[in-house]
Amino acid sequence: MGVPISQAWTVASYVLKQKLSGRKRYPLVLMLEPLFRCNLACAGCGKIQYPAHILKAELTPEECFKAVEECGAPMVSIPGGEPLLHPKMPEIVAGLVARKKYVYMCTNALLLKEKLHLFKPSKYLSFSVHVDGQKEHHDFAVCREGGHDMAMEGVRAAVAAGFRVTTNTTLFDGADPNSVRAHFDELMAAGVESMMVSPGYTYEKAPDQNHFLGKARSRKLFRAILSNRKKSWQFNTHPLFSEFLMGKQNFECTPWGMPTFSIFGWQKPCYLLQDGYADTFQEMLDSTKWENYGAKSGNPQCANCMVHSGHEASAVDYNFGSLKGFWETAKKYMFPSLYPDAEAQKLLNEWKPAASHPLVQIEAAKTKHSLETVAGD
């Protein structure tokens, strides 16, 4: 099983309570963004393309705690930016753990090894390390040579120190499924608890707009990757979301399932789109025109989105929405499938990586200098 039993029980109890109370829209994971500042400049990222005064801004611990309590979700994901650049991050994490929230602190792990002593291992805390594939692919994706080695060094250090460590792999057009599967083997060998994999999203602000996957290519790629899987692989995503990526399930987006709170407030409608902000979580729920979002709405910004932040909550909601959904999911956990698929194996055997130019490499020294300039302005 990809997550501890105590966490699975907490989430299941919470969702059942929402269902029994008749609540139609409820949060599952709070996406808490305390800052946008980062020590990488990935070409596919839409979160760091802000002016210096925005990149210097940070949420206080008190603002983070208020958002968590207001939202009420049992899990908190802390993306960014790079959360380890926030000087109060150890205090924020400790406060969330004290509130018994399951925290996934996302990090590119460039600073993880030197910051580990500021945190305490807990069943409520997992370092979610962003590793986008094997060495060459990861370094191209994050636009920094040597980024993969530093990330894996951070992973191994955190595992050795007794922390829960999970990984997050985002795939773009040109990804080689054979390499991704080898990447899974490397992560498991390094002691990672479980892995998450998801297609990238076409951020409007992202410098590189040419490497994002459409739905048809996503399904083909994920069918090749996730079929015929190895028993050693552990994933921390809902099994029906994995099937959604493989084209075996069809879920509409439930953007309120993973709401976002940042320095701007509560973001409408989701982590990926910025169509205004609200001062409170309830205002965000009440004032967002939800019918205008998701693939079914016809919104072109949603047409190709298959990202976990919009669709994994849909799988969880389906899980607890009917006896059929509950039994279908229960079977996945009781009798986990390796998804044998001869056609998918044929895809792997015949896969020819797309010929594409690598993303621009950004020298480590230049990235560091840019970061220090922003921090010192």
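One can find the structure itself at the top, above this paragraph.
Since this is a predicted model, take the numbers as computed values, not measurements.

Participant: In this structure, what is going on with the overall build of the protein chain? I would like to understand it.
Facilitator: A tally of regular secondary structure across the protein chain gives 15 helices and 9 strands. Looking at the protein chain alone, contacts between residues at least 24 apart form 75% of all its contacts between residues at least 6 apart. Total accessible area on the protein chain is roughly 16800 Å²; 55% of this is exposed by carbon and sulfur atoms.

Participant: Looking at this structure, how should I read the environment of G162?
Facilitator: Inspection of the secondary structure puts G162 in the loop between α7 (147-160) and β5 (164-171). The exposure class assigned to G162 is partly exposed, which follows from its relative accessible area of 49%. Taking the C-alpha atoms as reference, G162 lies 6.1 Å from P121; in sequence the two are 41 residues apart.

Participant: Would you mind going over the pattern of salt bridges with me for this structure?
Facilitator: Oppositely charged side chains can pair when the atoms bearing their charge come close. Across all of its chains, the model carries 11 salt bridges by this definition. With its nearest N and O atoms 2.7 Å apart, the salt bridge here joins D317 to K19. One end of the pair, D317, is in helix α12 (residues 308-321); the other, K19, is in helix α1 (residues 5-20), with 298 residues separating them in the sequence. D139 is paired through a salt bridge with K135; the nearest N and O atoms lie 3.8 Å apart. Note that D139 and K135 are positioned in helix α6 (residues 135-142) at a spacing of 4 residues, about one turn of the helix. The class for D139 is buried, based on a relative accessible area of 6%. Here the residues in one salt-bridge network are K135, D139 and D149, joined through shared partners.

Participant: Looking at this structure, I do not really get the pairing of strand β2 (residues 75-78). What am I missing?
Facilitator: Residues M75 and S77 line one face of β2 and the alternating positions V76 and I78 line the opposite face, and both faces are buried. Note: strand β1 (residues 29-32) against β2, 3 bridges, orientation parallel. Among the inter-strand pairings, V29 is bridged to a residue of β2, identified as M75. For β2 and strand β3 (residues 102-107), the ladder comprises 4 bridges, and the chain directions are parallel. If you follow M75 over to β3, its bridge partner there is Y102. In terms of handedness, the path from β2 via helix α4 (residues 89-98) over to β3 forms a crossover that is right-handed.

Participant: Help me understand the side chain of S262 in this model?
Facilitator: Here S262 is to be found in strand β7 (residues 260-262). Ignoring any residue separated from it by four or fewer positions in sequence, one finds S262 in contact with E33, F36, L59 and Y277.

Participant: Is there a simple way to explain the pairing of strand β8 (residues 265-269) in this structure?
Facilitator: As a general feature of sheets, a regular strand has side chains that alternate between the two faces. Burial analysis of β8 places 5 of its 5 residues in the buried class, which makes it a mostly covered element. Note: β7 against β8, 2 bridges, orientation antiparallel. The residue bridging F261 from the neighbouring strand is W266, located in β8. Connecting β7 to the antiparallel partner β8 that follows it, the hairpin turn spans 2 residues. In terms of strand pairing, β8 meets strand β9 (residues 274-278) through 3 bridges, oriented antiparallel. By the bridge assignment for β9, Q267 is matched with Y277. Between β8 and the antiparallel strand that follows it, β9, lie 4 residues.

Participant: Whenever I open this one, a nonpolar patch on the surface confuses me. Can you help?
Facilitator: Taken together, the side chains of W327, M334 and F335 define a hydrophobic patch exposed on the protein surface, amounting to about 390 Å² of accessible area. Mapped onto the elements of the fold, F335 is located in the loop between α13 (323-334) and α14 (342-350). Owing to a relative accessible area of 61%, F335 belongs among the exposed residues under this scheme.

Participant: Can you walk me through the sheet that holds β7 in this structure?
Facilitator: As a general point, the strands of a sheet are linked pairwise by backbone hydrogen bonds and lie either parallel or antiparallel. The strand order across the open sheet formed by 9 strands is β6-β5-β4-β3-β2-β1-β7-β8-β9, and the pairing between neighbours is mixed. Whereas interior strands pair on both sides, the edge strands pair on one side only; in this sheet they are β6 (194-199) and β9. Along the sheet, successive strands turn relative to each other by an average axial angle of 25°, direction set aside. Sitting on the sheet, helix α9 (residues 215-226) is in contact with β5 and β6, with an inclination near 160° to β6.

Participant: Explanation requested: α7 in the structure shown.
Facilitator: An α-helical segment advances 3.6 residues per turn. Residues three or four places apart therefore align on the same side. Taking 1.5 Å per residue as the helical rise, α7 with its 14 residues ought to reach 20 Å, and the 20 Å between its terminal C-alpha atoms agrees with that figure. Burial in α7 covers these residues: G147, H148, A151, M152, G154, V155, A157 and A158. Buried residues belonging to α7 abut α5 (112-115), β4 (125-130), α6, β5 and α8 (177-189). Just beyond α7, the residue with positive phi is G162, at close to 95°.

Participant: What is the right way to look at the packing of aromatic side chains in this model?
Facilitator: Aromatic rings considered in pairs are described by the distance between their centres and by the relative angle of their planes. Counting across every chain of the model gives 18 aromatic pairs. Seen in terms of ring centroids, Y50 and F264 are 5.8 Å apart; in terms of plane orientation they differ by 50°. Their pairing is tilted. You can see Y50 sitting in the loop between β1 and α2 (52-55) and its partner F264 sitting in the loop between β7 and β8, a full 214 residues away along the chain. For Y50, a relative accessible area of 14% translates into the label buried. Ring centres 5.3 Å apart and planes at 80° place the aromatic pair W256 and W290 in the edge-to-face group. Of this pair, W256 sits in the loop between α10 (239-245) and β7 while W290 sits in the loop between α11 (281-287) and α12, placing them 34 residues apart in sequence. Since its relative accessible area comes to 7%, W290 is described here as buried. An aromatic cluster is defined as three or more aromatic residues linked by ring pairs; in this entry it consists of F36, Y50, F264 and Y277. Above the plane of the ring of F65 lies R99, whose end atom (NZ or CZ) is 4.2 Å from the centre.

Reading the values: rules and limits
Residues numbered from 1 in each chain as written. Predicted model: local features only at pLDDT ≥ 70, side-chain atom pairs only at ≥ 80, totals over all residues. Heavy atoms only, no water. Helix = DSSP H or I, 4+ residues; strand = E, 2+ residues; numbered from the N terminus. Contact = heavy atoms within 4.5 Å. Areas by Shrake-Rupley, 256 points an atom, 1.4 Å probe, with all protein chains shown as cover. Buried < 20%, exposed > 50% of the residue type's maximum accessible area, 1.4 Å probe, protein only. Salt bridge = Lys/Arg side-chain N within 4 Å of Asp/Glu carboxyl O. Pairing = 2+ DSSP bridges. Right-handed = clockwise from strand over helix to strand, strands pointing away. Patch = residues over 30% accessible without salt bridge, like charges linked within 9 Å, V, L, I, M, F, W, Y side chains within 5 Å. Axes fitted to C-alpha atoms, helices over the stretch in contact; angles between N-to-C directions. Expected span 1.5 Å × (residues − 1). Phe/Tyr/Trp six-rings, centres within 6.5 Å; stacked < 30°, edge-to-face > 60°. Lys NZ or Arg CZ within 6 Å of the ring centre and 35° of its normal.

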